[in-house]
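Structural overview
Read off the chains here:
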Amino acid sequence: MKNHFIKTALLAVVAGAMLWSCSGSSSFDKSRYIPVQLEGEEKWSILDTESGELVCENDFSEMPSLVVNDMFVITNIDGNKEMYNVNDSKTPLNKEKYSQLLPFNEDVTFAVKKGKGIMLIDRNFEVIKTFSDKYTMAQNFIEGKAVFCKEDKWGYMNTKGEEVIPAKFDVCYNFLNGVAFAQKGSKLLMINDKGETIRSFNMEKYSFLSFMSEDGYVPMSKGDKVVFVDKKGEELPVVEKMKSGWSYKANDGKTVYSNGDEMGLMTLDGEILVRAKYRILSYASPDRYIASNNNGKYGVIDSKGEEILPFDYDELGQISTNPKHYFAKDGSSYILIDEEGKEISKDSFNFIMWGAGIDASNVVSENQPASEETTNDRSDSDSAAVSEWGY
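Residues numbered from 1 in each chain as written. Predicted model: local features only at pLDDT ≥ 70, side-chain atom pairs only at ≥ 80, totals over all residues. Heavy atoms only, no water.

A negative phi holds for most residues other than glycine; trans holds for most peptide bonds. The backbone of Asp 152 shows a phi angle near 70°, a positive value even though the residue is not glycine. Structurally, the position occupied by Asp 152 is in the loop between strand E11 (146-150) and strand E12 (153-157). Residue class for Asp 152 comes out partly exposed when judged on its relative accessible area of 46%. Despite not being glycine, Asp 287 has its phi angle at roughly 65°, a positive value. With respect to the element layout, Asp 287 can be found in the loop between strand E24 (280-285) and strand E25 (288-292). (Helix = DSSP H or I, 4+ residues; strand = E, 2+ residues; numbered from the N terminus. Buried < 20%, exposed > 50% of the residue type's maximum accessible area, 1.4 Å probe, protein only.)

What follows concerns the sheet that holds E11. Remark on secondary structure: sheet strands pair via backbone hydrogen bonds, oriented parallel or antiparallel. The 5 strands are arranged E13-E12-E11-E10-E32 in an open sheet whose pairing can be described as antiparallel. Each edge of the open sheet is held by one strand with a lone partner, namely strand E13 (163-169) and strand E32 (362-364). When the angles between neighbouring strand axes are averaged without regard to direction, this sheet yields 20°. Pairing geometry for E12 and E13, over 3 bridges, is antiparallel. Within E13, the position partnered with Tyr 156 by the bridge is Ile 165. (Pairing = 2+ DSSP bridges. Axes fitted to C-alpha atoms, helices over the stretch in contact; angles between N-to-C directions.)

Of all residues in the protein, 84% have pLDDT values of 70 or greater, and the mean over the chain is 85. Residue range residues 1-27 is modelled with pLDDT below 50. Its contacts to residues more than four positions away, or to other chains, number 100 contacts. (pLDDT = per-residue confidence, 0-100. Contact = heavy atoms within 4.5 Å.)

Turning to the sheet that holds strand E20 (residues 225-229), a few remarks are in order. As summarised here, the arrangement of the 3 strands in space is E18-E19-E20, forming an open sheet in which the pairing is antiparallel. Only two strands of the sheet have a single partner each, and these edge strands are strand E18 (206-208) and E20. Taken pair by pair, the neighbouring strands of this sheet meet at an average axis angle of 35°, ignoring direction. Where strand E19 (residues 218-222) and E20 come together, 5 bridges link them in antiparallel fashion. Bridge pairing in E20 places Pro 219 opposite Phe 228.

This brings us to the packing of aromatic side chains. Summed over the entire model, instances satisfying the criterion amount to 19 aromatic pairs. Ring centres 6.3 Å apart and planes at 50° place the aromatic pair Phe 110 and Phe 131 in the tilted group. With Phe 110 in strand E7 (residues 108-112) and Phe 131 in the loop between strand E9 (127-130) and strand E10 (135-139), this residue pair connects regions lying 21 residues apart in the sequence. A single burial state applies to Phe 110 and to Phe 131, both of which are buried. Members of the aromatic cluster, joined through ring pairs, are Tyr 173, Phe 181, Phe 201, Tyr 206, Phe 208 and Phe 211. Here the basic side chain of Lys 145 rests over the ring of Phe 175, its NZ or CZ set 5.2 Å away from the ring centre. (Phe/Tyr/Trp six-rings, centres within 6.5 Å; stacked < 30°, edge-to-face > 60°. Lys NZ or Arg CZ within 6 Å of the ring centre and 35° of its normal.)

As a further point, take the environment of Gly 305. Along the polypeptide, Gly 305 turns up in the loop between strand E26 (298-301) and strand E27 (307-313). Take Gly 305: its relative accessible area is 23%, and that puts it in the partly exposed class. Expressed as a C-alpha distance, the spacing of Gly 305 and Asp 287, which sit 18 residues apart in the sequence, is 9.8 Å. Dropping the residues within four chain positions of it, Gly 305 is found in contact with Val 274 and Tyr 278.

Rendered as structure tokens:
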């Protein structure tokens, strides 16, 4: 069953477990409320990145999960999961004890009681469906569908717990923009929401470089070249400057590229917008890119290469739903600033939590024979508190 954990780790990439990447971010990477650890404190708080105010201050000994739809999950002193609303961090929403509980990405989510199987519950924590022992793992919902594992095969279910695409794949990835990828043998299949194959890719020739962007393009390596594939499975013309080995991603019709040592910006048809001169270049929000110069300092530029924020910071991250708000590090702590460099919050922070963590993306049945039990040891992957953005 070790393979279950490996596949789950792959699935968690789409759900937000990954932090920053050089290729860019998406709406999954943004949140109004962010768990933070105040400078000089050991407990965790939650920051409203729109206003800069704390909605929960030093309330939690354990790191909260990502805040989704104003709700988040923590582990209490008994090791059970509790869900809270950011407007009331003193009273848990659930009365039942859960050993595993996922945030409500939609109106339903998955939960597990100690020693039991997987359940589907609604926002009143009423059980919609209890799954048999054949179901060993489930991932949270995205676009109304959840990936699940049943008898070592993977498929998709809807928010009623019904199998809409049977478990017949070796690996499944989440639906984005109405399409998903699933692996079956040596084939990587692009499928629609009915499970019909849009296009089949031979994995000896094609491989992922990044997942589908909001633009609806998937960058894939094709031999030593890079191609962008749209939702119909059609390839854009090959751009010679795009070489395999770099994690491209389409944002607003553009992509960061690398000449091997430095990074720049180009359109998807190969027009150079910003020459490769930055050590790091990462999409932050429409017409905004976080860049690092050769001195290791970070700033923000637009798609023409014009400086928006000066290169004065040791780190920068744009994870707020307000696209003009950034977490910046200068020295040992983080601050929240706007595009003029003005501090939005009166507080500074030791740590900024970002990424759902595997624990907040998947549940594993605990009602399995000892010899067959899927490992639930998240080890280093369980922590999403970071002092760097993972560029």
